[in-house]
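# A look at the structure
Listed here are the chains, written in short residue letters.
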Amino acid sequence: MTDKPGQIGQLVRTLASQLMGAFGGALGLAAHDLKPAPSHRSLVVDKVSRNAVAELVNQARNHPQRGDLGSANPAYVALAELKQNFGIEGLALGLKNDTGEISFLDLSIDPDVASAQGGPFVDRARNKLLWRQLKKLVNIMVDRNMLGPRKPIRSPEESGPEENDEEPDEIDWK
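Below or above, wherever it landed, is the structure these notes cover. Residue indices begin from 1 for each chain and proceed along its sequence in written order. Where totals are concerned, whole chains, interfaces and linings use all residues; where local detail is concerned, this predicted model gives features only for residues with pLDDT of at least 70, and gives and counts side-chain atom pairs only at 80 or more. Side-chain numbers come from the whole structure's heavy atoms, not from hydrogens or water.

### As for the packing of aromatic side chains
For Phe, Tyr and Trp, rings pair up if their centres lie within 6.5 Å, where Trp contributes its six-membered ring, and each pair is then called stacked (planes under 30 degrees apart), edge-to-face (over 60) or tilted (otherwise). Tallied over the entire structure, the rule returns one aromatic pair. Measuring from ring centre to ring centre gives 5.4 Å for phenylalanine 104 and tryptophan 131, while their planes differ by 65 degrees; the resulting arrangement is edge-to-face. On the criterion of sequence distance, the pair formed by phenylalanine 104 in strand E3 (residues 101–106) and tryptophan 131 in helix H5 (residues 124–145) is long-range, its members being 27 residues apart. Accessibility here uses a 1.4 Å probe with only protein chains present; expressed as a share of the type maximum, an area under 20% marks a residue as buried, one over 50% as exposed, and anything in between as partly exposed. You can call tryptophan 131 buried: its relative accessible area is 17%. Put simply, DSSP H or I for four residues or longer makes a helix, DSSP E for two residues or longer makes a strand, and each gets a number counted from the N terminus.

### Some points on the side chain of asparagine 127
Structurally, asparagine 127 can be placed in helix H5. Judged by relative accessible area, asparagine 127 falls into the buried class, the value being 5%. Apart from the residues within four sequence positions on either side, asparagine 127 is in contact with Glu101, Ser103, Phe104 and Val122. Any two residues having at least one pair of non-hydrogen atoms within 4.5 Å are treated as being in contact.

Here's what the structure looks like:
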């Protein structure tokens, strides 16, 4: 049914929300117009994603940043995946000195072509598309890598006796 942990809970919340909306709409209540509050997990995922992208942007102010598939920061991994998805071999994130804007650039472009077009930076439409894709990929990676709830760790005394669980009368410490 689902291939990722947490999807069943999300499915139940989605179905419950749709059911409440349908009942509210059928009864003429205004409650179906209200937006449900985001889950705690989604708030945490958004916060961690923003922090990862902010770290990448802060580093890009100093010098262009390329993606790294082995990085612990999901923003660098997402940047490396963008490079593969869009086929831009020299894709990096850097600072436009004339405007002070952080933008994507193609470092694999010929220097003569880059100087003719005003630098190695991608055009505005492609830059917006790459930003949206970067944020979406980082969000997906953070969500995928977050651990779900785990069983609590209990001591042997709390777990209760098992079938063949006999306590010895005396322990031989030799």
